[in-house]
Amino acid sequence: MTDVTPDDEFDLPVEPPTPRWQKVLALTVAFVTIAAGAFAVGRFTAFDSTPAAQVPLDSSAEAGFARDMQTHHQQAVQMAMIIYPKTTDADVRAIAYDIATAQSAQVGQMQQWLLDWNLPAYGKAPAMQWMASSGEHSGHGDPSLTPEELNAQMGMATQAQLDELAAASGTQADCQFLELMIRHHEGAIDMVDAIEELGTNHNVLDLAGKMATTQTSEITAMQMLQSRFGCSD
């Protein structure tokens, strides 16, 4: 006697398993859509009511912070989008999701500020030069440094490191992401420290404080994950 399975009995087709590339693509598309939505929300909730007489100038610390932090955030979102669809760790995926959505929204806010201040999205001064008059971070933004050296001061990953992260898989990818993102967050906190010393605009200082709180917490969480994965220093 031949065994009959439920599928045989009702002549139901057996669905083949979904290829991994399709799952990754679906996750990536959904993630990009969510991040784009967060960016739009940031733009439309960030209108600045600063009186005209107090609007930051093109050379102000506020303008420099908004421009540099946009660039900084954009790379953080890029790294989060690289790791999100391929990590199998729920905690890494949650951190990547939080970084991409929160920082996309903040990029939208900072772009809207510059529009409200009638300032160009990009300035002519080297990255972080607005920090030169701050105490602890006065060495940042030295115009004699190369763009690569300035990026390193900001904690930015190089293109080679981004390519390596994109090519990695498994625990190796998780560890590379954590290492790059911890350094990236530390660079952002340096900029927050400088704007809190030099800035006067309430909206900018409020957002900077929120950035510091969130990213300090995320650094702690990522360091704990490094220990759990046994990532090498």
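Scanning the chain from terminus to terminus reveals 8 helices and 0 strands. Going from the N terminus to the C terminus, the chain shows its helices and strands as α-α-α-α-α-α-α-α. Per-residue burial over the chain gives 42% buried out of 233 residues. Residue pairs at least 24 apart in sequence account for 80% of intrachain contacts in the chain once pairs closer than 6 positions are excluded. With an accessible surface of roughly 12,500 Å², the chain has 56% of that area assigned to carbon and sulfur atoms.

To continue, consider helix 4 (residues 90-116). Spanning 27 residues, helix 4 covers 39 Å between terminal C-alpha atoms, matching the ideal 39 Å at 1.5 Å per step. Taking the backbone nitrogen of Asp91 as reference, a side-chain oxygen 3.0 Å away marks Asp89 as the first, capping residue of helix 4. Count one or two residues on from helix 4 and you reach Asn118, which has phi positive near 60°.

With respect to the helices and strands, Ala167 occurs in helix 6 (residues 159-167). Of the residues examined, Ala167 reaches a relative accessible area of 66% and is grouped as exposed.

The next subject is the nonpolar core. Within the largest apolar cluster, 29 residues are counted, with the highest numbers of intra-cluster contacts made by Met79, Ile99, Phe177, Met181 and Phe229. Residue contributions to this core peak at 8 residues, all from helix 7 (residues 170-198). If you look at the next biggest cluster of nonpolar residues, it comprises 26 residues, including Met110, Met131, Ile195 and Ala208.

Parameters and conventions
- Residues numbered from 1 in each chain as written.
- Predicted model: local features only at pLDDT ≥ 70, side-chain atom pairs only at ≥ 80, totals over all residues.
- Heavy atoms only, no water.
- Helix = DSSP H or I, 4+ residues; strand = E, 2+ residues; numbered from the N terminus.
- Buried < 20%, exposed > 50% of the residue type's maximum accessible area, 1.4 Å probe, protein only.
- Contact = heavy atoms within 4.5 Å.
- Areas by Shrake-Rupley, 256 points an atom, 1.4 Å probe, with all protein chains shown as cover.
- Expected span 1.5 Å × (residues − 1).
- Polar contact = N/O pair within 3.5 Å; in protein donor to acceptor, adjacent residues only side chain to side chain.
- Core = buried A, V, L, I, M, F, W, Y, C linked by side-chain atoms within 4.5 Å.

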